[in-house]
Amino acid sequence: MLKLCTVHFFFLNILIKSLNLSQFDLQVFKMSGQRKCPDCGSSEIVEDAHYAQNQLVCADCGFILTEGLLTTTFQDEEHLQEVTYSRSTGQNEQLSRCKLRGIKRVQDLCKVLYLPAVFEDTALSYFQRAIEHPSFHLVSLEKKEILVGCCVFVTCRQHNWPLTMGTICSLLYADKELFASVYLCVLKELELDVPALSLTDLVKTHLNSFKLFQSSASVPAKFAEDKEKMVARTIQIVELASETWLVTGRHPIPIVTAAAYLAWQSLQPVGRLTCTFARFCKMAGTDLPPPAHLRLKELNDILLRMASQLAWLRVLNVDKKTVVKHIGDLLQHRHFLLRSSFSSGDTEDQSATAVGDGSVSSPQAAGCSAQAEGCHPGGKQKCSSVRRPLLPPCLINPRKRLRTAALSPSDQAITGDEAISDSEIEQYLRSQEEMQEFSKAQAWH
Amino acid sequence: MDADSDVALDILITNVVCVFRTRCHLNLRKIALEGANVIYKRDVGKVLMKLRKPRITATIWSSGKVICTGATSEEEAKFGARRLARTLQKLGFQVIFTDFKVVNVLAVCNMPFEIRLPEFTKNNRPHASYEPELHPAVCYRIKPLRATLQIFSTGSITVTGPNVKAVASAVEQIYPFVFESRKEIL
């Protein structure tokens, strides 16, 4: 009896084991030659995973030959692979709300500025790269807004589209300093290379926004001007400014505004000389940036110097109000006039001493050969007396600066390891009476 | 004028910043009470102490870390730092002068010619960055020396670096590039 029981038990074990058909068995079945579908007889049997459960299915009629287990035991589950929550819910494939909002802002900004579609794609790619960085992902909403503006700004600069930071800041109502710091951060993190702003394109874009090209209620007929002529003359004046150190290191927009005003006045000086700069800007519908007055003064100064070299203007006694009338002539001959009215630093000294000598021949020898042609000898002395070196304005009118005196010889011999005397230290400590006075004074607070 | 000819450039060191540790806790209130020439900033938790002879301003934290600024050479920085440590010793703290290190050196140098900044930026693209709307100078970084130079159109150059030697070699390195983009006579 016992023997039968043990045998029975043994068979039961085998039976249980065989019921626990696992994946291995399906493979064993596959290995044991081609299967034929019992229903239609085709040999097209494929292994399909239906809801992660392997099945052998006939490809023609859909008959299921074998099925895996519908439930798993604890032992089986130990060998299964874990799927993380973020993968099973598809979290990483979706875009977060912050990124979606940023993408929409980039697209809106591109539409407002009428940028081509290529710009939008580039800006979006930069934004998506930047937002992954911890320095842009974990910051305030204000900075994320500015990041949107920075991506669009970088895209425009790379395609040589003239867009200034001032425009972007005013569109986004952003703080200029914050924009500057985020912009420099973006350039560093994304390792981008941005070419310089082209002034010619900037002139064209900026003048497009001026409302002077048609006469209207606020613009009388004699103030309206042809766009092409004004743009061409403004570009010439801006080029003159960049050759004479007025542009380097300064904001471009005030220079463009001042140049536009001079160009506009010079095209029809008769009626327009009385119109002030402020009135001109109000009519044109742009605001007047504060440095523009200084730029206008500097431009006038340069033009006056050039005017003093033209033979027929020297007679007319041109001053800063009337020089505007002759801008056309000055611009036509500007290369020659610049060369003759300005000199480099060393020839200036030589010509100054030559004037002191009073001889005509030595300035000719001392001056540059290129400048010797233009001026006739009679006017050469006068030329050299008004000539000034072509330097940036900050060197011509230097601001007084306190410079600490150079180290004296005794100071230079300091090694850092000298002995320290007690008396030297006593001067930095308070005595007992001073301490009592101090604590009494503090007690009143 | 050839770039290789020897040109003596005066590099004027305007500021040297150094740090050292006192390896003991400092009672800031006691320093503020017993020290002359001190300003106690209670809200940020530091004391500013100014020395007269090497003109140095020191920021002292209660953890014992001290930062000294205002020296005009590395030796003067150490000179002033040791005097500061001696003053703290006299006030009664168990000060040990350790971990002295010069952290930053700021120097100014003048080139004898003006520089055309847009041209300079174009020729030195990855290292130089010029944004006239933000700052009137070109910012040039030399990564191996960890030095930053600010180059102005007037020829004045401001250099910051980790020590005086790095500053000097930075100026040496930049001279040929700056010479290329100098302003030519019209």
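Residues numbered from 1 in each chain as written. Chains lettered and ligands numbered in written order. Predicted model: local features only at pLDDT ≥ 70, side-chain atom pairs only at ≥ 80, totals over all residues. Heavy atoms only, no water.

If you look chain B up in an unreviewed UniProt entry, it shows as TATA box-binding protein-like 1 from Terrapene triunguis. UniProt, in the comment section headed Sequence similarities (unreviewed entry), describes chain B in these words: "Belongs to the TBP family." (UniProt positions renumbered as here; feature names shortened; annotations may be inferred.)

Digging into the overall build of chain B
Within chain B, the secondary structure is distributed over four helices and ten strands. Across chain B, helices and strands are ordered from the amino to the carboxyl terminus as β-α-β-β-β-β-α-β-α-β-β-β-β-α. When the 186 residues of chain B are sorted by exposure, 48% land in the buried category. (Helix = DSSP H or I, 4+ residues; strand = E, 2+ residues; numbered from the N terminus. Buried < 20%, exposed > 50% of the residue type's maximum accessible area, 1.4 Å probe, protein only.)

What about the sheet that holds strand E1 (residues 45-50) of chain A?
Residue and element names in this part refer to chain A. The antiparallel open sheet is built from three strands, whose spatial order is E1-E2-E3. A strand with exactly one partner marks an edge of an open sheet, and here the two such strands are E1 and strand E3 (64-67). Along the sheet, successive strands turn relative to each other by an average axial angle of 25°, direction set aside. Both strand E2 (residues 53-58) and E3 contribute to a ladder of three bridges, which runs antiparallel. Across the sheet, the residue bridging to Leu-56 is Thr-66, located in E3. (Pairing = 2+ DSSP bridges. Axes fitted to C-alpha atoms, helices over the stretch in contact; angles between N-to-C directions.)

A word on unusual backbone geometry
Residues and elements named next belong to chain B. At Arg-23, a position not held by glycine, the phi torsion is positive, near 55°. Looking at the secondary structure, you find Arg-23 in the loop between strand E1 (11-21) and helix H1 (28-34). Note on Arg-23: relative accessible area 53%, which makes it exposed.

So, the pairing of E1 of chain B
Residue and element names in this part refer to chain B. As defined by bridge partners, E1 adjoins strand E6 (residues 98-110) across nine bridges and the pair is classed as antiparallel. Its bridge partner being in E6, Ile-11 is matched across the sheet by Cys-109. Here E1 pairs with strand E5 (residues 65-71) via five bridges, running antiparallel. Counted as the bridge partner of Arg-21 is Lys-65 from E5.

Structural notes on helix H13 (residues 252-267) of chain A
For H13 of chain A, spanning 16 residues, the distance from its first C-alpha to its last is 23 Å, which sits close to the expected 22 Å at 1.5 Å a residue. Across the 16 residues of H13 of chain A, 14 count as buried, placing the element largely inside the fold. (Expected span 1.5 Å × (residues − 1).)

A closer look at the sheet that holds strand E3 (residues 46-51) of chain B
Residue and element names in this part refer to chain B. The sheet built from ten strands is open, its strands ordered E2-E3-E4-E5-E1-E6-E10-E9-E8-E7 with antiparallel pairing. Two strands lie at the open edges of the sheet, namely strand E2 (38-41) and strand E7 (128-129), each paired on one side alone. Here five bridges tie strand E8 (residues 138-142) to strand E9 (residues 147-151), and the two strands are oriented antiparallel to one another. Note on E9: the bridge partner recorded for Cys-139 is Gln-150. Across the face of the sheet, helix H2 (residues 74-90) comes into contact with E1, E3, strand E4 (56-61), E5 and E6 while running at roughly 35° to E1. Across the sheet, helix H4 (residues 164-180) is in contact with E1, E6, E8, E9 and strand E10 (156-161); its angle to E10 comes to roughly 140°. (Contact = heavy atoms within 4.5 Å.)

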